Amino acid sequence: MITPEALVQAFDIQRDDSILFASNMERLLWKTFHAGNTFDFNDMIDRLQMKIGAGGNLLFPTYNWDFCRGVRWEYHKTKSKTGILSGIALQRADFCRTKHALYSFAVWGKERERLYRMKDGNSFVGDTPFNFLYVQPRAKMIMFDVDMTHSCTFVHFVEETMGVPYRYLKYFTGQYVDDRGLESTRTFSMYVRDLDRKVIPNFTGLENILLEKKKMKKSVFEDCVIWEVSFQALFEEIADIIRRKEFASLVELEKR
C-alpha cells in the first residue's frame, strides 16, 4: 500500500539536512486512486519534518512567472506553478513564503526567518535561497518523479555564477503586493535564455555525469523515480562543465 510513511522512508534524509523538494505527484496519485485509497500530503510533509528535525530546513518551490508578463504579484494570493505539494505548504501556518516575485519558496525549519527576510531582487545569485542552499554543508535536492531538466533550477544559479554565453540578465518591472498588503512598483531580475539562439535546457548530460561519478542517487518507489543530490556536488559538476565549455550537457544550442 502506498502511504506517506513508506514514501518518506524511501528518501535518504538525515537529521538536520536542508532539503529542497521538487516533485510531480500525478503518477503516485493515479496509482493510489486506482488502488481505492487516498494519499495525505499533509501527513507526508509532517513526516518529512520529523525526519529532518528542528535543526534542518524544508523548502518547496512556489515559482510563478506571470510577473514577467505584467501580472501583479501578490504575496498571499499568487499561486505556485510548481506542483501540488508547494500549494499545500503555502496553506500551512508552519511554513512561510519567501518574497521574490518569480522564484519564491515555501520554507520551514531553523532558517525560516532568515529565508523570509531575504530581499534580493535577483533570481539566482546574491542573497537568495539558491545561494543559501549552496553554502549549507548538508543541503540536498530531492526530485520525485520529475527529471532534472524540469526541476533543477539550481543549474541557473551556477550558470550565472560562472557566466555562460547563452544567457543574460534581464529586468522585469511590475506591481507587487507584499505580505502586509502594501502595493508598490518593484523590479526583479532573472538570468534568462537568449531566445534568438533558440536555447533549450536539457540536463540529460548532467544527469549522466552525476550518476556515473556516483554523486547522485537514483532509486524507485512504486514506479516513480527519485533523484537525490547535494547542492555542493551539483555546483562542482556544473561549474566544471561550464569551465570546459561542454554546454551540450546543459542545453541544446542552435548552431550559428
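Everything discussed here concerns the structure shown above.
All values derive from a computational prediction rather than experimental measurement.

**Overview of the pairing of strand 7 (residues 167–177)**
In summary, the side chains of a regular strand alternate between the two faces of the sheet.
Thought 1: Bridge count for strand 3 (residues 73–74) against strand 7 is two bridges, and the pairing is parallel. Bridging across to strand 7, E74 finds its partner in V177.
Thought 2: A loop of five residues connects strand 7 with strand 8 (residues 183–193), the two strands running antiparallel in sequence, and G181 in this loop sits at a positive phi of about 90 degrees.

**Some points on the sheet that holds strand 8**
Thought 1: As summarised here, the arrangement of the three strands in space is 3-7-8, forming an open sheet in which the pairing is mixed. At either end of the open sheet lies a strand with only one pairing partner, and these are strand 3 and strand 8.

**Notes on the packing of helix 7 (residues 154–162) against helix 9 (residues 231–243)**
Thought 1: Relative orientation of the contacting elements helix 7 and helix 9 amounts to 50 degrees, with a least axis distance of 9 Å. Relative to helix 9, the element helix 7 is oriented oblique. Relative to helix 9, helix 7 is oriented so that their crossing is right-handed. Of the residues in helix 9, those in contact with F154, V155, F157, V158, E159, T161 and M162 of helix 7 are F231, L234, F235, I238, A239, I242 and R243.
Thought 2: A per-class count over the contact of helix 7 with helix 9 returns eleven nonpolar, one polar and two charged.

**Here's the deal with the nonpolar core**
Thought 1: Ranked by internal contacts, the top residues of the largest apolar core, which has 57 residues, are M143, M148, C152, F154, L206, L234 and L250.
Thought 2: Tallying contributions element by element places helix 9 first for this core, with eight residues.
Thought 3: Every residue in contact with M148, bar those within four places of it in the chain, is listed here: M143, F203, L206, E207, L210, M216 and L234.

Cut-offs used in this document
- Residues numbered from 1 in each chain as written.
- Predicted model: local features only at pLDDT ≥ 70, side-chain atom pairs only at ≥ 80, totals over all residues.
- Heavy atoms only, no water.
- Pairing = 2+ DSSP bridges.
- Helix = DSSP H or I, 4+ residues; strand = E, 2+ residues; numbered from the N terminus.
- Axes fitted to C-alpha atoms, helices over the stretch in contact; angles between N-to-C directions.
- Parallel < 35°, antiparallel > 145°, perpendicular 65-115°, else oblique.
- Left-handed = near helix turned anticlockwise from the far one by under 90°.
- Contact = heavy atoms within 4.5 Å.
- Nonpolar A, V, L, I, M, F, W, Y, C, P; charged D, E, K, R; others polar.
- Core = buried A, V, L, I, M, F, W, Y, C linked by side-chain atoms within 4.5 Å.
- Buried < 20%, exposed > 50% of the residue type's maximum accessible area, 1.4 Å probe, protein only.

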